[in-house]
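Here is how the chains run, residue by residue.
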Amino acid sequence: DSARFDEQEKRLIIPLGEEFHPFYGFARRVYVNGADTYIEGVRLYKQFVRLSFRLRRVPFDEYDVWVMSDVCGISTQTFEPIPGAFLHELRPKEDLYECILPRQTDKCDLRVVIKERSSPNPGQDIEIPIGESIRDNRYDWNSPELADIYAYVDVAKEITVVQIIE
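Note that the coordinates shown come from a computational prediction; the quantities given were computed from them, not determined experimentally.

(A) Region of the structure containing the environment of Tyr 139. You can see Tyr 139 is positioned in the loop between helix H1 (130-136) and strand E11 (148-154). Taking the C-alpha atoms as reference, Tyr 139 lies 16 Å from Ser 69; in sequence the two are 70 residues apart. Setting aside chain neighbours within four positions, we find Tyr 139 in contact with Val 49, Ile 134, Leu 146, Ala 147, Ile 149 and Ile 164.

(B) Just the environment of Ile 164, in detail. Residue placement: Ile 164 occurs in strand E12 (residues 159-165). Between the alpha carbons of Ile 164 and Leu 51 there is a distance of 9.7 Å; along the sequence they are 113 residues apart. In this structure, Ile 164 is in contact with Tyr 139, Ala 147, Asp 148 and Ile 149, ignoring residues within four places of it in sequence.

(C) Up close: the nonpolar core. If you look at the biggest cluster of nonpolar residues, it comprises 40 residues, and the most contacted ones within it are Phe 53, Leu 55 and Ile 114. For this core, the elements supplying multiple residues, two or more each, are strand E5 (48-56), strand E6 (63-75), strand E7 (81-90), strand E8 (96-102), strand E9 (111-116), strand E10 (126-128), H1 and E11. Setting aside its immediate chain neighbours within four residues, Leu 55 contacts Tyr 63, Val 65, Asp 95, Tyr 97, Ile 114, Val 153 and Val 155.

(D) Structural view of the sheet that holds E5. The strand order E8-E5-E11-E12 describes an open sheet built from 4 strands, whose pairing is mixed. Two strands close off the open sheet at either side, each with one partner strand: E8 and E12. With strand direction ignored, the average angle separating the axes of adjacent strands in the sheet is 20°. Relative to E11, E5 is paired through 6 bridges, and the arrangement is parallel. The residue bridging Arg 54 from the neighbouring strand is Tyr 152, located in E11.

(E) Focus on the state of the cysteines. By the definition in use, this model includes 0 disulfides. Looking at Cys 72, it has no disulfide partner, and the nearest cysteine sulfur is the one in Cys 108, 13 Å off. The class for Cys 72 is buried, based on a relative accessible area of 8%. Take Cys 99: it sits in no disulfide, and the sulfur closest to it among the cysteines is that of Cys 108, at 12 Å.

(F) Fine view of the side chain of Ser 133. Along the chain, Ser 133 turns up in helix H1. Among the residues examined, Ser 133 registers a relative accessible area of 14% and is labelled buried.

The rules behind each value
Residues numbered from 1 in each chain as written. Predicted model: local features only at pLDDT ≥ 70, side-chain atom pairs only at ≥ 80, totals over all residues. Heavy atoms only, no water. Helix = DSSP H or I, 4+ residues; strand = E, 2+ residues; numbered from the N terminus. Contact = heavy atoms within 4.5 Å. Core = buried A, V, L, I, M, F, W, Y, C linked by side-chain atoms within 4.5 Å. Buried < 20%, exposed > 50% of the residue type's maximum accessible area, 1.4 Å probe, protein only. Pairing = 2+ DSSP bridges. Axes fitted to C-alpha atoms, helices over the stretch in contact; angles between N-to-C directions. Disulfide = S-S within 2.5 Å.

Here it is, written out as structure tokens:
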């Protein structure tokens, strides 16, 4: 139900179908020249994003919603994104969809996929490149602490409005 820790490579990997969990971290190289070493002012930084969005005018009566990306985890030493397949099905709370994602790359392929339940043809899926809208809003995936993202997606008009929540 959560990210798998790869002890050898010091990274958290999200199994396909799962979502990331809140992860805070601090990293600093410390050179020790004695028995006692202290680090003052340690602050843990948010290394995940809560992506929340509402869908409007979906052309299907019954559908499933997935989030997919080409980032599947995070280094626990550098907090850099780990390339790989991420796919997670979302369940709405009222009409709000939410997913917790690890830090992404500036050029990540982050998408919302809407699949019609009754469609025998998977070509009928609607893919919304939400990563592009996030990039257009100049989201900083390299910030020490990540902000959350809220989006409004009008599927019929192919409009995605993104708001960064500091």
